[in-house]
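What follows is each chain in one-letter form.
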Amino acid sequence: MLDIELDGKKVQVTEGSMVMHAAEAAGTYIPHFCYHKKLSIAASCRMCLVDVEKAPKPMPACATPVTQGMIVRTRSDKAVKAQKSVMEFLLINHPLDCPICDQGGECQLQDLAVGYGGTASRYQEEKRVVFHKNVGPLISMEEMSRCIHCTRCVRFGQEIAGVMELGMLNRGEHAEITTFVGNSVDSELSGNMIDVCPVGALTSKPFRYSARTWELSRRKSVSPHDSVGANLVVQVKNGQVMRVVPLENEAVNECWISDRDRFSYEALNGEQRLKRPMIKQDGQWLEVDWNTALQYVVDGLKSVQGQFGAAGIGAIGAATSSNEELHLLAKLVRGLGSDNIDHRTRHADFTAASGARWLGTSIASLSTLERAFVIGSFLRKDHPLLAQRLRQAVRHGGQLLSLNAVHGDWAIPVAARITAAPSDWVQSLANVAGYVASAKGVAAPATALVDAAAEAVAQALLSGERKAVLLGNAAVQHPQASQLLSLANFIAAQTGATVGVLGEAGNSVGAQLVGAQPQQGGLNAGQMLSRPMKALLLLNTEPALDAADGAAATAALNASGLVVALTPFKDARVDNADVLLPIAPFTETAGSYVNAEGRLQTFQGVVPALGESRPAWKVLRVLGSLLGLSGFAQESVEEVRAEALGDGSGIAARLSNASTAVAQPVGPLAGLQRVANVPIYATDAIVRRAPALQATADAKEAALVGLPSALWAQLGLQAGDKVRVSQGSASAVLAAIEDAGLAANTVRVAAGHPATATLGAMFGAIAVEKA
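As the structure is a prediction and not an experimental result, all values here were calculated from the model.

## Observations concerning the sheet that holds strand β13 (residues 240–246)
Here is step 1: Pairing is antiparallel across the open sheet formed by 3 strands, whose spatial order is β11-β12-β13. At either end of the open sheet lies a strand with only one pairing partner, and these are β11 (217–222) and β13. The average undirected angle you get between the axes of adjacent strands in this sheet is 35°.
Here is step 2: The pairing of strand β12 (residues 231–237) with β13 spans 6 bridges and is antiparallel. Counterpart to Q235 in the pairing with β13 is R243.

## Looking at the UniProt feature "domain: 4Fe-4S Mo/W bis-MGD-type" (unreviewed entry) in the protein
Here is step 1: In the UniProt entry, the feature "domain: 4Fe-4S Mo/W bis-MGD-type" (unreviewed entry) is given for residues 216–272.
Here is step 2: Strand forms 35% of residues 216–272 and helix 9%; the C-alpha atoms that close the span are 25 Å apart.

## Here's the deal with unusual backbone geometry
Keep in mind that most residues, glycine aside, have a negative phi and that most peptide bonds are trans.
Here is step 1: Despite not being glycine, Y209 shows a phi value in the positive range, around 60°.
Here is step 2: Position of Y209 relative to the elements: it lies in the loop between β10 (203–204) and β11.
Here is step 3: Even without a glycine there, the phi angle at N576 is positive, about 65°.
Here is step 4: With respect to the element layout, N576 can be found in the loop between β24 (562–567) and β25 (579–582).

## Regarding the pairing of strand β27 (residues 600–603)
Here is step 1: Only one face of β27 is covered, namely the one carrying Q601 and F603; the face carrying L600 and T602 has none of its residues buried.
Here is step 2: Note: strand β26 (residues 591–594) against β27, 4 bridges, orientation antiparallel. What sits directly across from G591, in β27, is F603.
Here is step 3: Between the antiparallel neighbours β26 and β27 lie 5 residues, among them G598 with a positive phi of about 85°.

Reading guide: rules and limits
Residues numbered from 1 in each chain as written. Predicted model: local features only at pLDDT ≥ 70, side-chain atom pairs only at ≥ 80, totals over all residues. Heavy atoms only, no water. Pairing = 2+ DSSP bridges. Helix = DSSP H or I, 4+ residues; strand = E, 2+ residues; numbered from the N terminus. Axes fitted to C-alpha atoms, helices over the stretch in contact; angles between N-to-C directions. UniProt positions renumbered as here; feature names shortened; annotations may be inferred. Buried < 20%, exposed > 50% of the residue type's maximum accessible area, 1.4 Å probe, protein only.

Following this line, the structure appears as structure tokens:
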């Protein structure tokens, strides 16, 4: 620690800190533009010039290291004069368009110009003009004349997103921020550039000109889209969500959110929202009142229960639903005498677990790992914020290791990778376990084969200290998921690593904790979506898109009896539904989620429910009462939460990644195998209906079929060609691309997308021919 004097006050700071860090520790504000606590230091704006004793000229606080006994003055005449001079230069070319600028009211330049700007300009020459650029549907760069060249956006892309999508051309007053040769900005974290921009150069295209910042109310919420549970500030005007920005929480999402969290709100205001209950009569949808709709459901369930027994009744709830909603859904079904309840719609292995699968460590600790072995994950698109954490770990010397059937661009250097078809994942992991066992002098859990890639992964895991073995979404959805977890546990135990599951949705852990899966031998989601049910309740789920086998789910629903969909959307892809009950999305109801690290996070509704929508927990509570079931008299969401999870203190004891499954490698399979990713903007019903997200490059590429280079050449394909992919009797004609990162004999076909919904299981045999 070093002692310095800052504006007459004694301050202790860590050696190696900058004057800016000392000022932050002391609560002293130094004006700045290019400095950002999460980005590297550029010292390009010079707004933070301060007076350092014995220095011949003012020094930039962000780039001046502290020394023992240093005396710094941030408010002396010398410092203030230097800061005002910098401000005059910054305003020379800046347009006078604050009244029409979306940044007006929350602009750093505007704020600091009040304190450091002159009353009049001495500049008489013409101001420069920078022509607007179209960089995609999310970020507006139509007013780049406002740019002050702080390069925050450039450094964010390089250091946080891992992709340098923006850069600076030319010099002096001709300098401008731009993309490379007209490229668009396609990073899944790109919206954070809007936040870090201190002026109105980068603004939100969906929000553009829709409201002024001082008109917006700001309310806290939590994102349901992935397992991080990013903290949000939802900005509201006239009872409508207008904008979503991050709420800083260093332990969860730091000060970042993904574009999926930021822009999905558009779906909440869309025309496809369901505002009144609807019943299908003679193939036509009719709007009815709530009493009629609920009584129809109650009569239908009682009829099924009386005729066929409770075993024919089932329920499936999406893991984007709250703890309270899933708890009451499970309670309702069990109250009727059935245990057919599940949330694991994309799983193929339903082996009973001893506890709730979770991350195995804290989210924040991912940033400091020395070794991370990620198994079966499309990391960058599945978990943008967790990928960002691992990116920081690698930037500080850590090593990232991977096992998957395809290795796309994670925007992170990967030290060692194993590329194998899905059927070979157990064998590949057994190979890693074999090398680890040999080094430790213990028995291997399964027969290992010679594998140079597996040896490289094992050697990396045997070195270093802070380590984690992490199973991604594809590993959890794999037909041998429990075996993969068992092998991961062995490897982690022998190498001193933690073992964890990254998690699929915002409440995957909570869904397990509240019992939204069969416990007494009931049907699981795979069984309920592959056979006709006498009655099926669907909460926030669209089986054709959310099931592991979309074709089988569609056929099962078409042959089912009573199908009740609790959904916010009237165009929900629920084939053969009899009733649509309008429920409120997360912004219009209260509840809680448990994120990947087991953190219970509560949220409140930020806007009134649209039309006659009702919170799902209230709908389920009323249904339980009308059915005459006991335990449905709760009057508040807090009462439901206490019943489901208590005070939350017992969550940690119920988390476990233990697996007793015996690894049984199946060996190489003949023919082609499907590799199914769930595209980042196809994960849930809300995201799928956000117009700006669906206009991105990621969304447009979701329906492309990826073929390994050898198969591409064998079929004689050229860029732009289409192929017919078939699984069983189902087929689809899709555009194809060559993917050199794919394992041999594998074909990447996305799940959760309308273009592929007619195909079969996410894992299994597939045939491809040129269309």
